[in-house]
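# Observations on the three-dimensional arrangement
So the chains spell out like this:
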Amino acid sequence: MSSAERVQLYQRKLYQKAKQEKEYRFYVLYDKIFLPYVVKEAWKRVKANGGSAGVDGVTIEEIEVKGAEEFVKGLSEELRQQTYQPSAVKRVWIPKSNGDKRPLGIPTVKDRVAQMACTLVIEPIFEADFEESSYGFRPKRSAQDAVAKIKEHLKTGKTEVYDADLSKYFDTIPHEKLMIALGERIADQRVLRLINKWLKAPVYDEGQYKGGRKNKAGTPQGGVISPLLANLYLHLLDRIVNSVRSIFRKTGVVMVRYADDFVLMGKTLSKAVLSKLKELLTRMGLTLNEQKSGMINARETPFQFLGFVFRYDRNFKIPQSPRFWNVKPSEKSSKKVRDKVGTALKQMGHYKPEVLVTELNAIIRGWLNYFEIKGVSYPYMAKRKLNFYLRMRLVKYFNRKSQRKSRLYRKQAFELLVNKFGLIDPLRYSPETYCERS
């Protein structure tokens, strides 16, 4: 039996136990985290995810060269003897489209593997508790599922929408309250101490070490275990909103949440509902970004969520046609993929057509697979713009070439690349034709 199969079998047992006994607290979990097959599977997943080195400068490739088996054995032993200590988290700043930057924390590869081993063991327990309204960073759930659910709610008349934006959520999760939430299901103090070590790990930012033991809030975006911890903490909100006794449920209000992005939806949203939401978030130590949060009537005003825009439209070719819920990529999302294609072409020199197509297809396929949701979204216009952009940019790309053999090629670059080398034509694309959605 492979390490993946053994881990899956154990996870299934944990999930079933947690599902059957809602009040059960797990006392012996740490002993499973350092099992060689668990650490081995954790290493495989971290390796598959890739990523750069942390503060120690050690890459995945270097670990492979030195011997992955020895690495796994050594980390397993450190965890077993409880001598393992996490390193600082390297902070890098990622540019945003609006000119701002967002922080990304990069733990060392060793710490990522340790966090993955812990996640493999504890995730099934909390998965058994999580609400149906939560979609982000969960097995067998996706942004597309969240978008489909929002459209379903709109079609049932829940068109009053409060689009909530939490200010710096990952940076503001209170450690003390998070540890209490963990303790509702985990009684093994060794596991809790291990997680606390990651929460208290210092951050290395621009040549300085910050935080550490004095840090009382936040879990770095980029940490392997951070998405699970972030979901666990907002599960407290999910649980209250979905409670049969809550004002939300009594007034027919539902929530759709993807990580820290969520919307409240109802036929009406009273001031009492919004007041209760703010009260709950304040008690949790979280803050709404009032400038980015707001309530709209979706029948009158489009709104955006996870890169999609939701509009109550008519068929523009038939002015008197019945309205329908049109879900499509936002203009910002459409521009983003065009910019990404343009940047990729600028960075490519005299690439062979096969290499050029491979690079472009990775960008195009990822974008189309995200926005092409059968029976839910209608990205035709965005695909048409991308098609047009590819045609224009490829002409410019081949005009940069000086070789005589490229002259005819550049006149029909798009068609030749599509027909001869397999470039994806957005207008003819369907996930079933090119690949399965991941």
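To be clear, the structure that these remarks concern was listed above.
Notes on the structure in this doc start here. (Residues numbered from 1 in each chain as written. Predicted model: local features only at pLDDT ≥ 70, side-chain atom pairs only at ≥ 80, totals over all residues. Heavy atoms only, no water.)

Helix α6 (residues 109-127) packs onto helix α3 (residues 36-49) with a crossing angle of 120° between their chain directions and a minimal axis gap of 8 Å. Comparing their axes, α6 and α3 come out oblique. Relative to α6, α3 is oriented so that their crossing is right-handed. On α6, the residues touching Val38, Val39, Glu41, Ala42, Trp43, Arg45, Val46 and Asn49 of α3 are Val109, Arg112, Val113, Met116, Ala117, Leu120 and Val121. Partitioning the contact of α3 with α6 into residue classes produces 11 nonpolar, one polar and three charged. (Axes fitted to C-alpha atoms, helices over the stretch in contact; angles between N-to-C directions. Helix = DSSP H or I, 4+ residues; strand = E, 2+ residues; numbered from the N terminus. Parallel < 35°, antiparallel > 145°, perpendicular 65-115°, else oblique. Left-handed = near helix turned anticlockwise from the far one by under 90°. Contact = heavy atoms within 4.5 Å. Nonpolar A, V, L, I, M, F, W, Y, C, P; charged D, E, K, R; others polar.)

Look at Ala259: it is not a glycine, yet its phi comes out positive at around 60°. As for its placement among the helices and strands, Ala259 is situated in the loop between β6 (254-258) and β7 (261-266). Using a relative accessible area of 8% as the deciding quantity, one classes Ala259 as buried. Even without glycine at this site, Leu306 takes up a positive phi of about 55°. Mapped onto the fold, Leu306 is located in the loop between β9 (303-305) and β10 (308-313). (Buried < 20%, exposed > 50% of the residue type's maximum accessible area, 1.4 Å probe, protein only.)

This next bit is on the pairing of β10. For β9 and β10, the ladder comprises three bridges, and the chain directions are antiparallel. Bridged to Gln304 within β10 is Val309. Hairpin connection between β9 and β10: a loop of two residues separates the two successive antiparallel strands, and Leu306 in this loop has a positive phi of roughly 55°. (Pairing = 2+ DSSP bridges.)

Let's shift gears to the environment of Arg185. Within the secondary structure, Arg185 sits in the loop between α9 (175-183) and α10 (189-199). Look at Arg185 and you get buried, because its relative accessible area is 3%. In this structure, the C-alpha to C-alpha distance between Arg185 and Lys22, residues 163 residues apart in sequence, is 8.8 Å. The contacts of Arg185, once residues within four sequence positions are left out, are Ala18, Glu21, Lys22, Glu23, Tyr24, Arg25, Phe26, Ile125, Phe126 and Asp129.

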